[in-house]
Amino acid sequence: MADSPAISNEYSDLIYAYPESESELLSRLSRYSPQIVDSQYAILHIPFSEGRTTVSTAGYALIPKLFTYLSTVSLEESGILSTQAQPILDLKGRGILLGFLDSGIDYTHPAFRNADGTTRILGIWDQTDQTGTPPQGLLYGSEYTEEQINEALFSANPLEIVPERDENGHGTAVAGIACGTPQEESDFYGAAPESQILFVRLKPAKQYLRDYFIIPPDADAYQESDLMLGVRYLIQTARQLQRPLVICIALGTNQGGHTGKTPLEDVLTAAQSLSGIYVVAAAGNEAGMGHHYYGKITAEGESTTVELLIDTETNGFTIEFWASAPELYGIGFTSPSGETVEPVQPRPRTSQQFTFLLENTRISLDYELVELVSGSQLAIIRFSTPSPGLWRIQIVNRLFINGSFHLWLPITGLVDPDIRFYQPSPDTTLVIPSCADSIITVSTYNAYNGTLFIHSSRGYTRNGIIKPDFAAPGVDVTAPVSAAAAPQTGLRPFTGSSAASALTAGAVCLLVEWGLKRDLPRVFNSQEIKTLFLYGTVRNPALYYPNREWGYGTMNVFRIFESMLRP
């Protein structure tokens, strides 16, 4: 039996913004095995025999971007334990679904089981497993229900019934922090320990995308189209169960315009217009990594030079250049040995290749003067087998408005660590999808000493949206260990933006539960939830708020209720 086009490496995956009805799309483009995401987007699968979809042929926005993990005391500081323990509130996430898109979940771990040993997981869509039945309306992977998981848990060989594993351990840790079942003997408590779980195990990105974006061979990478379809599964299942849903996204990418306008961010924004859907995203761990450069030119015709350090032999990498329309910029290059490519005149859908006489380096430059989703100018720069040393990128303004531009290297984990800008900017280092205005975006701090995590990504977005919204604990947070990921099982400390987003997602469950428990049950909309969190934030009187590092302060759920009692 042939592989589904969704998983076959003989097909390109294309994000398609469709103008017609779903039925018309499914009929008109049936040869491309369309999968509907929502009323805006579908995923098409184009055989390589019809040509590969590239930026120059399909447009940047429609090529799936690549995402990876955001990880490298806390419950007390965030007010979660007080909210759980207060006898009148007694909030633990009952009746709320927590949805995750990640590396997998160790469903046998005590952190995801009730006192009687049954599961708290109501559904798993494993995109990597083609042995079972896909979810309704989807073409790949296997869905496992609560009944199947319970059957597996009480069998001699659980993996023979539900072959779900988490070799990386990231998804197990994130889900455990957000909603793990308490283990008092180990002093472990999830933020929403009585919520129920939906999980999407993402399949690895296809090789043609890894090749195009020149991803290191040992890097874990997931493609945007699979996340978009994962969101569809979570929402579809929550609707069937008639439960509120909190989606926790502990993955990110530097690919995109950092204005909250990518297909994934569009889908998440639209989802939150539905009653009872809430999204929490990690801001990232990119400050101090040297992956962002901000430049300013003062007049048309003037230029500046961006210096790029490459301290290692590498297969290559990509850089994205972004500027707001209608400004235009030319881009040129100087190699470590001094060979120069003069700045190229920007033209619509231009793709050019450059080689060097004294370097075994190839550079390709793809321009989009009007990127489809954001409307900004974009240039994708691909370095293949670049020589180590100091490279110089010359930026010249061809049409001046304010002279501002940004460049981003790939996110940590998707680029060799010895590649960085010589004079980087730590600001505007939020990862995607955390730039969308409607999403709750959290930075990371150390609850043990009150300091910002050294690599916590900083705002604001490229178009000035105030992000992050607030900071949450994310240093040495206790998390469950997947049996498939480590020789020791049990619990371990977990640090990074992923931990902060998981704690926050659990906290959102508590607030949603509170709304449903009122005398007149209330389903808050996503903006109300965000505003309530802002009321509860703790602020340092020595700082000005909002700011790029802390947003409006540090998260404290219990203070939300205290604020309602203030005269």
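Structure: above.
Since the structure is predicted, the reported quantities are computational estimates derived from the model, not experimental observations. (Residues numbered from 1 in each chain as written. Predicted model: local features only at pLDDT ≥ 70, side-chain atom pairs only at ≥ 80, totals over all residues. Heavy atoms only, no water.)

Let us look at unusual backbone geometry. The omega torsion of the bond from Ala 325 to Pro 326 falls at 5°, within 30 degrees of zero and hence cis. Along the chain, Pro 326 falls in the loop between β15 (316-323) and β16 (328-334). Each neighbour pair has its own omega, and for Tyr 545 with Pro 546 the value is -10°, a cis peptide bond. Mapped onto the elements of the fold, Pro 546 is located in the loop between α12 (526-536) and α13 (557-563). Not every positive phi belongs to a glycine, and His 258 is a case in point at roughly 60°. Mapping His 258 onto the fold places it in the loop between β11 (251-252) and α10 (263-271). Positioned with a positive phi, Asp 476 is a non-glycine residue whose angle comes to about 55°. Tracing the backbone shows Asp 476 in the loop between β26 (470-473) and β27 (477-481). For Asp 476, a relative accessible area of 39% corresponds to the partly exposed category. (Helix = DSSP H or I, 4+ residues; strand = E, 2+ residues; numbered from the N terminus. Buried < 20%, exposed > 50% of the residue type's maximum accessible area, 1.4 Å probe, protein only.)

Scanning the model with the defined rule gives 0 disulfides in all. With no disulfide of its own, Cys 179 lies 7.2 Å from the sulfur of Cys 509, the closest cysteine sulfur. Cysteine Cys 435 remains unbridged, with the sulfur of Cys 248 as its closest cysteine sulfur at 17 Å. Judged by relative accessible area, which is 1%, Cys 435 ranks as buried. (Disulfide = S-S within 2.5 Å.)

All right, on to the packing of aromatic side chains then. As enumerated under the stated definition, the model contains 21 aromatic pairs in all. Taking 5.4 Å as the distance between ring centres and 75° as the angle between the ring planes, the aromatic pair formed by Phe 48 and Tyr 208 counts as edge-to-face. Given the relative accessible area of 15%, Phe 48 is considered buried. Judged by centre distance (5.9 Å) and plane angle (20°), the rings of Trp 514 and Phe 524 are stacked. Here Trp 514 is found in helix α11 (residues 497-517), whereas its partner Phe 524 is found in the loop between α11 and α12, with 10 residues between them in sequence. Both residues of the pair, Trp 514 and Phe 524, belong to the buried class. (Phe/Tyr/Trp six-rings, centres within 6.5 Å; stacked < 30°, edge-to-face > 60°.)

Looking at the element boundaries, Asn 547 is found in the loop between α12 and α13. Looking at Asn 547, the relative accessible area reads 10%, which means it is buried. Within polar-contact distance, the side chain of Asn 547 engages the backbone oxygen of Tyr 544 at 3.0 Å. What Asn 547 contacts, discounting residues up to four positions off in sequence, is Tyr 460 and Pro 468. (Polar contact = N/O pair within 3.5 Å; in protein donor to acceptor, adjacent residues only side chain to side chain. Contact = heavy atoms within 4.5 Å.)

Function cannot be inferred from these measures alone, as they are strictly geometric.
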